[in-house]
Amino acid sequence: SGFVGRYIARRLAKAGWRVRVAVRRPNEAIFVKPYGVVGQVEPVLCNIRDDASVAQVMMGADAVVNCVGILARHGKNTFDAVQAEGATRIARVAEAQGVTQMVH
């Protein structure tokens, strides 16, 4: 739902994909819902620092697009925790769940 992610979500919806937008605060990402038809694009809660949270959001996915990033450190959301460890976690969980398409 960030600067890049919102455009990716919109493009995927227009191409017919069902899109789960993994975010820290789903209520602040409601603006993505009209990118597709009712129920096609949904913001869902995800903690990038937690394996179970990432696995839950990814369950049943055919593809994963990772465009998570931060502009400034905030609490536990350090650059390393989000952009390095988070990307590694997403790739590891995607592989474990059999997701064959991943963009990072």
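Described below are features of the structure shown in this document. (Residues numbered from 1 in each chain as written. Predicted model: local features only at pLDDT ≥ 70, side-chain atom pairs only at ≥ 80, totals over all residues. Heavy atoms only, no water.)

Listed in full, the 12 residues of the largest apolar core are Cys 46, Ile 48, Val 54, Val 57, Met 58, Val 64, Ile 70, Val 82, Ile 90, Val 93, Ala 94 and Val 99. Tallying contributions element by element places helix 3 (residues 79-96) first for this core, with four residues. Excluding residues that lie within four positions of it along the chain, Ala 94 makes contacts with Met 58, Val 64, Val 99 and Met 102. With nine residues, the next largest nonpolar core counts Ala 9, Ala 13, Val 19 and Val 32 among its residues. (Core = buried A, V, L, I, M, F, W, Y, C linked by side-chain atoms within 4.5 Å. Buried < 20%, exposed > 50% of the residue type's maximum accessible area, 1.4 Å probe, protein only. Helix = DSSP H or I, 4+ residues; strand = E, 2+ residues; numbered from the N terminus. Contact = heavy atoms within 4.5 Å.)

Packing of helix 2 (residues 51-58) against helix 3 leaves a shortest axis separation of 10 Å and a crossing angle of 55°. In this view, helix 2 runs oblique relative to helix 3, as classed from their interaxial angle. In this structure, helix 2 meets helix 3 at a crossing whose hand is right-handed. In contact with Asp 51, Val 54, Ala 55 and Met 58 of helix 2, helix 3 contributes Arg 89, Ile 90, Arg 92, Val 93 and Ala 94. In terms of residue class, the contact of helix 2 with helix 3 is made up of six nonpolar, no polar and three charged. (Axes fitted to C-alpha atoms, helices over the stretch in contact; angles between N-to-C directions. Parallel < 35°, antiparallel > 145°, perpendicular 65-115°, else oblique. Left-handed = near helix turned anticlockwise from the far one by under 90°. Nonpolar A, V, L, I, M, F, W, Y, C, P; charged D, E, K, R; others polar.)

Another aspect to go through is the packing of aromatic side chains. Tallied over the entire structure, the rule returns one aromatic pair. Ring geometry for Phe 3 against Tyr 7: centres 5.9 Å apart, planes inclined by 75°, an arrangement best described as edge-to-face. The exposed category is assigned to Phe 3, whose relative accessible area is 65%. Lying over the aromatic face of Tyr 35, Arg 10 brings its terminal NZ or CZ to 4.4 Å of the ring centre. (Phe/Tyr/Trp six-rings, centres within 6.5 Å; stacked < 30°, edge-to-face > 60°. Lys NZ or Arg CZ within 6 Å of the ring centre and 35° of its normal.)

Within helix 2, burial applies to Ser 53, Val 54, Val 57 and Met 58. Taken around the axis of helix 2, the buried residues stretch over an arc of 125°, which confines them to a single face. Helix 2 presents Ala 52 and Gln 56 as exposed residues on the side facing more than 90 degrees away from its buried surface. The elements touched by buried residues of helix 2 are strand 1 (19-23), strand 2 (41-45), strand 3 (63-65) and helix 3. (Arc of directions from axis to C-beta.)

As a further point, take the pattern of salt bridges. Per the counting criterion, the structure on display carries four salt bridges. Lys 33 is the salt-bridge partner of Glu 42, the closest N and O atoms lying 3.6 Å from each other. Owing to a relative accessible area of 22%, Glu 42 belongs among the partly exposed residues under this scheme. For Lys 33, a relative accessible area of 34% gives the class partly exposed. Note that Arg 92 is salt-bridged to Asp 51, the shortest N-O span being 3.1 Å. One end of the pair, Arg 92, is in helix 3; the other, Asp 51, is in helix 2, and 41 residues separate them in sequence. By relative accessible area, which is 34% here, Asp 51 ends up partly exposed. Overlapping salt bridges, with partners in common, bring together Asp 51, Arg 89 and Arg 92 in one network. (Salt bridge = Lys/Arg side-chain N within 4 Å of Asp/Glu carboxyl O.)

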